[in-house]
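Here are the chains, one letter per residue:
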Amino acid sequence: MSLFDIPLRTLDGTPTTLAEHRGKAVLVVNVASRCGLTPQYEGLERLQKTYGDKGLTVVGVPCNQFLGQEPGSAEEIAEFCSATYGVTFPLLEKAEVNGAGRHPLYAELTRTADAGGEAGDVQWNFEKFLVSPQGEVTRFRPRTEPEAPEVVAAVEALLAA
């Protein structure tokens, strides 16, 4: 099964898949509202605004696996993201990214190694997976800011291809 075909649900429970974004670059990020890295929402939203019309879609996946930093309901998460960071990019339902309950999307994404050659579990909130229109994945660890030169360069390379 391709990454684009894995069944997903939006934050409001509507069934979807990444196929909705086929032909685009998709930046999948596990997000949390009460994390020291939560201000990365600002950079993610700027990426969406800067590159959205050029073929990038940021997709947030709320996750409560790291010290309970995303405890809210779907409604609370949506309100927080909208009111605090003006998030316009799509959010999926809360999901597990590691362990026995790992969502199938993350079972596939975590097979990809980062720049240091390390694959496997998501390290923390705000780990980023850039999926090309062909389904190839580039991985950026949580402390890599959304607008870091290596992320922007990877996005721009996909959009120029």
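Now for a quick tour of the structure. The structure displayed is predicted, hence computed values, not measured ones.

## Digging into the nonpolar core
- The biggest cluster of nonpolar side chains holds 28 residues, and the ones touching the most others in it are Leu 27, Tyr 41, Leu 44, Leu 47, Leu 56 and Leu 130.
- Listing elements by their share of this core, those giving two or more residues are β3 (25-31), α1 (40-51), β4 (56-62), α2 (74-85) and α4 (149-160).
- Ignoring anything within four residues of it in the chain, the contact list for Leu 56 reads Ala 25, Val 26, Leu 27, Leu 47, Gln 48, Tyr 51, Leu 130, Val 155 and Leu 159.
- The next biggest cluster of nonpolar side chains, apart from the first, holds 20 residues, and it includes Phe 4, Phe 66, Leu 105 and Phe 129.

## Side note on α4
- Its 12 residues give α4 an end-to-end C-alpha distance of 16 Å, which sits within 8% of 16 Å, the value for a rise of 1.5 Å per residue.
- Of the residues making up α4, those classed as buried are Val 151, Val 152, Ala 154 and Val 155. The arc that holds the buried residues of α4, viewed along the axis, is 160°, so those residues lie on one side. Within α4, the exposed residues directed more than 90 degrees away from the buried face are Pro 149 and Ala 160.
- Tucked into the core, α4 has its buried residues touching α1, β4, β5 (128-131) and β6 (137-140).

## Some details on the environment of Ala 119
- Tracing the backbone through its elements, the reader meets Ala 119 in the loop between α3 (104-109) and β5.
- Spatially, the C-alpha atoms of Ala 119 and Arg 139 are 8.9 Å apart, while their sequence positions differ by 20 residues.
- Ala 119 has contacts with Thr 110, Arg 111, Thr 112, Ala 113, Arg 139 and Arg 141, leaving out every residue within four places of it along the chain.

## Considering α2
- Over its 12 residues, α2 runs 16 Å from end to end, which matches the ideal 16 Å to within 8%, given 1.5 Å per residue.
- Turning to α2, its buried residues number three or more, namely Ile 77, Cys 81 and Tyr 85. Relative to the axis of α2, the buried residues are bounded by an arc of 30° and lie together on one face. Of the residues in α2, the exposed ones pointing more than 90 degrees away from the buried face are Glu 75, Glu 76, Glu 79 and Ala 83.
- Against α1 and β4 lie the buried residues of α2.
- Immediately beyond the C-terminal end of α2, within one or two residues, lies Gly 86, with a positive phi of roughly 60°.

How each quantity is defined
Residues numbered from 1 in each chain as written. Predicted model: local features only at pLDDT ≥ 70, side-chain atom pairs only at ≥ 80, totals over all residues. Heavy atoms only, no water. Core = buried A, V, L, I, M, F, W, Y, C linked by side-chain atoms within 4.5 Å. Buried < 20%, exposed > 50% of the residue type's maximum accessible area, 1.4 Å probe, protein only. Helix = DSSP H or I, 4+ residues; strand = E, 2+ residues; numbered from the N terminus. Contact = heavy atoms within 4.5 Å. Expected span 1.5 Å × (residues − 1). Arc of directions from axis to C-beta.

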